[in-house]
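Spelled out, the chains give:
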Amino acid sequence: MSDEKPSLKERLLFTTPTDDRSRMRAVANNLILHLHPTKVPQPALRFAYTWGLGGISTVLALLLIITGVLLMFRYDASVERAYTSIQYLETQVLFGSLIRGIHHWSANLLVITVFLHMIRVFLTGGFKKGRATNWLIGIVLLLLVVAFNFTGYLLPWDQLAYWAITVGTSLLGYIPVIGTAISNFLLAGPEVGQGALRNFYAIHVAVLPAILILLMSYHFWKVRKDGGISQPEEDGGEDGKRSRVERLTTIPHLVQIELAATAVLLLVVVAWAIFVPAPLEELANPSHPPNPAKAAWYFLGLQELLLHMHPLAAMLLPGIVLGALVAIPYLDKEDGNIGFYFRSKVGLETAVVGAILALILVPALVIIDEQWLDLTALFPTWPTLISNGLIPLLLSLGGLALLYVTFWSAFKATPSEASVGLFSFLVVSLIVLTIIGIYFRGANMALIWPF
Ligand code: HEM
């Protein structure tokens, strides 16, 4: 008989199950150890590091797939029957309203949790040390989640759905050269109708889920391949040797945190769906637009920009910011600060200043532009593409560059710390613009007080 001790993995997998329960436990442990390594560094387990946001996004995505498949049994993607099929589901099908509510709120929550996950990864430098590919995959996942929400928005075929998609797809038309072609392809014609409903449904239930499942699997595999999630570099110990951080077994240490977070999340989403049913307005009426006609909430920041700039500039500005996000792993190569929120004390200062500036400047600029400033009237002979497009775009980019240089010179920030300040300014600006779009825009998109 061999007196070799079984490895940790063998012990966790319970290689000689004695009854059904231990066999089930072996199967579950096996599954878990396919997703996770057997041991994880203790700092990576701190909830206040990741806030469980990647895991929460994963559970929400799974919940969306399950409830989405259930909804497909009753939903009918035809202009004549889509709305009534939802009404039927809401009133006649057992748990129909609950399933739809869970799907609706999970989808909205997923936009928020994925966005917060991206913020967490940026702030802790989670894109550094070989993690650039996973950062890029993440950006595609964020865009996918938005695309999921956008295509799903149309399906109930109520007033909200019809007009939000009409407004949303009209933004596509402003993309130079290819914009109209993309819009016509998506809508299967120049406007929202049966072709659009059929295309959006196919994209929502087949194309996007296939890409999402592939990319999510790759994302998880890559986290493992990159050596687990980011964490501070281990200190140089005595005699020049690196002191090693403690490693804890995944089962039960990591798994119990994941199970607790999942239980709380499920409880919140189900309670939410019970108490606040998913909205359903009147049947879509293409000849009667609501006033104001707003895009879906996560596009309202963009819609707000459109009220202040030529559409091409309003599309270019977020495009340039997205480009900068893609480039950040190649621009910020200071690896020493990985695993620390805000990089350092100076990084924290630039982030606070960036956030406060955005809180003051963005509403101020919105009010000034709404009440007093009229660039087209100021330069009446210039084409609006220049007076109301190029000028505000260059001013915005110049302002961002000035902010970066100020962090660098006044705070003695390194490029990495200055980028944290700029990132914080941009994130808070987007949130402020979105809040203005949701609550402070009334009839004809005029500024209003919501209370
Ligand atoms: C459906 C969307 C997404 C899901 C389900 C997801 C899931 C996860 C999970 C479970 C982790 C492990 C650590 C953690 O929980 O924080 C992780 C890490 C990571 N994610 Fe995501 N993610 C998504 C979107 C994104 C986005 C939008 C980005 C960035 C643009 C991103 C970039 C990363 C990176 C770079 C890591 C490694 C972070 C580190 O090492 O600290 N992910 N993701």
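Residues numbered from 1 in each chain as written. Predicted model: local features only at pLDDT ≥ 70, side-chain atom pairs only at ≥ 80, totals over all residues. Heavy atoms only, no water.

Draft legend 1. Molecular detail of the site of the ligand. Lining the immediate surroundings of the ligand are 23 residues, of which His 117, Arg 120, Gly 138, His 219 and Ser 230 lie closest. A distance of 2.9 Å separates a nitrogen atom of the ligand from a polar side-chain atom of His 117. Residue Arg 120 places a side-chain N or O atom 2.9 Å away from an oxygen atom belonging to the ligand. Counting only elements with at least two residues in the shell around the ligand, the list comes to α4 (53–72), α6 (96–123), α7 (132–154) and α10 (194–225). It is α7 that provides the largest number of residues to the shell around the ligand, a total of 6 residues. Counted by class, the shell around the ligand contains 10 nonpolar, 11 polar and 2 charged residues. (Near = heavy atom within 4 Å. Polar contact = N/O pair within 3.5 Å; in protein donor to acceptor, adjacent residues only side chain to side chain. Helix = DSSP H or I, 4+ residues; strand = E, 2+ residues; numbered from the N terminus. Nonpolar A, V, L, I, M, F, W, Y, C, P; charged D, E, K, R; others polar.)

Draft legend 2. How the structure looks around the coordination of the iron atom of the ligand. The iron atom of the ligand binds to the protein through His 117 (NE2) and His 219 (NE2), with metal-donor distances spanning 2.0 to 2.2 Å. Classification of the site at the iron atom of the ligand as octahedral follows from its 6 donor atoms and the range of 86 to 179° in their angles at the metal. On the criterion of sequence distance, the pair formed by His 117 in helix α6 and His 219 in helix α10 is long-range, its members being 102 residues apart. A residue is classified by how much of its surface remains accessible, and His 219, at 13% relative accessible area, is buried. (Donors = N, O, S within 2.8 Å, 3.2 Å for Na, K, Ca; no water. Tetrahedral: all angles 85-135°; square planar, octahedral: opposite > 155°, others 65-115°. Buried < 20%, exposed > 50% of the residue type's maximum accessible area, 1.4 Å probe, protein only.)

Draft legend 3. Expanded view of the domain arrangement of the protein. Under the domain assignment, the protein is made up of domain 1 (37–233 + 243–287) and domain 2 (291–451). Relative placement of domain 1 and domain 2: their C-alpha centres are 25 Å apart. On the side of domain 2, 36 residues touch domain 1, which itself brings 37 residues to the contact. Here domain 1 packs against domain 2, burying approximately 3300 Å² in sum over the two surfaces, 77% of which is carbon and sulfur. Area buried by domain 1 at its contact with domain 2 is led by Phe 122, Leu 123 and Lys 128, which between them contribute 21% of it. Run the count over domain 1 and domain 2 and you get 1 salt bridge. Measuring nitrogen to oxygen at the nearest pair gives 3.2 Å for the salt bridge that ties Lys 128 to Asp 332. Counting across the domain 1 and domain 2 interface gives 14 residue pairs in polar contact (both at pLDDT 80 or more). When residues of the side of domain 1 that touches domain 2 are traced back to their parent elements, those giving at least two are α3 (47–50), α6, α7 and α8 (159–172). Residues of the side of domain 1 that touches domain 2, tallied by class, amount to 26 nonpolar, 6 polar and 5 charged. (Domains from an automatic or database assignment. Contact = heavy atoms within 4.5 Å. Buried area = accessible area lost by both parts, 1.4 Å probe. Salt bridge = Lys/Arg side-chain N within 4 Å of Asp/Glu carboxyl O.)

Draft legend 4. Examining the pattern of salt bridges more closely. Tallying each qualifying case throughout the model produces 8 salt bridges. The closest approach of N and O atoms between Arg 100 and Glu 90, which form a salt bridge, is 2.5 Å. Taken together, the residues span a long stretch of sequence, with Arg 100 in helix α6 and Glu 90 in helix α5 (residues 82–91) at a distance of 10 residues. With a relative accessible area of 7%, Arg 100 lands in the buried category.

Draft legend 5. Region of the structure containing the side chain of Asn 149. Structurally, Asn 149 can be placed in helix α7. If we skip the residues at most four places from it in the chain, Asn 149 touches Ala 107, Asn 108, Val 111 and Tyr 298.

Draft legend 6. Layout of the packing of aromatic side chains. Summed over the entire model, instances satisfying the criterion amount to 20 aromatic pairs. Each ring, one from Phe 47 and one from Trp 51, has its centre 6.1 Å from the other, and the planes form 75°; the classification is edge-to-face. Taken together, the ring pairs in this structure connect Phe 150, Phe 200, Trp 297, Tyr 298 and Phe 299 into an aromatic cluster. Taking NZ or CZ as reference, Arg 343 lies 5.1 Å from the ring centre of Phe 122, over its face. (Phe/Tyr/Trp six-rings, centres within 6.5 Å; stacked < 30°, edge-to-face > 60°. Lys NZ or Arg CZ within 6 Å of the ring centre and 35° of its normal.)

Draft legend 7. Inspection of the confidence of the model for the protein at higher detail. For the protein, mean pLDDT is 91; residues scoring 70 or higher make up 94% of the total. Mean pLDDT in the protein bottoms out at helix α1 (residues 8–13), which sits at 63, and peaks at α6, which reaches 98. In this model, residues 237–242 is a region of pLDDT below 50 whose contacts with residues beyond four sequence positions or in other chains number 7 contacts. (pLDDT = per-residue confidence, 0-100.)

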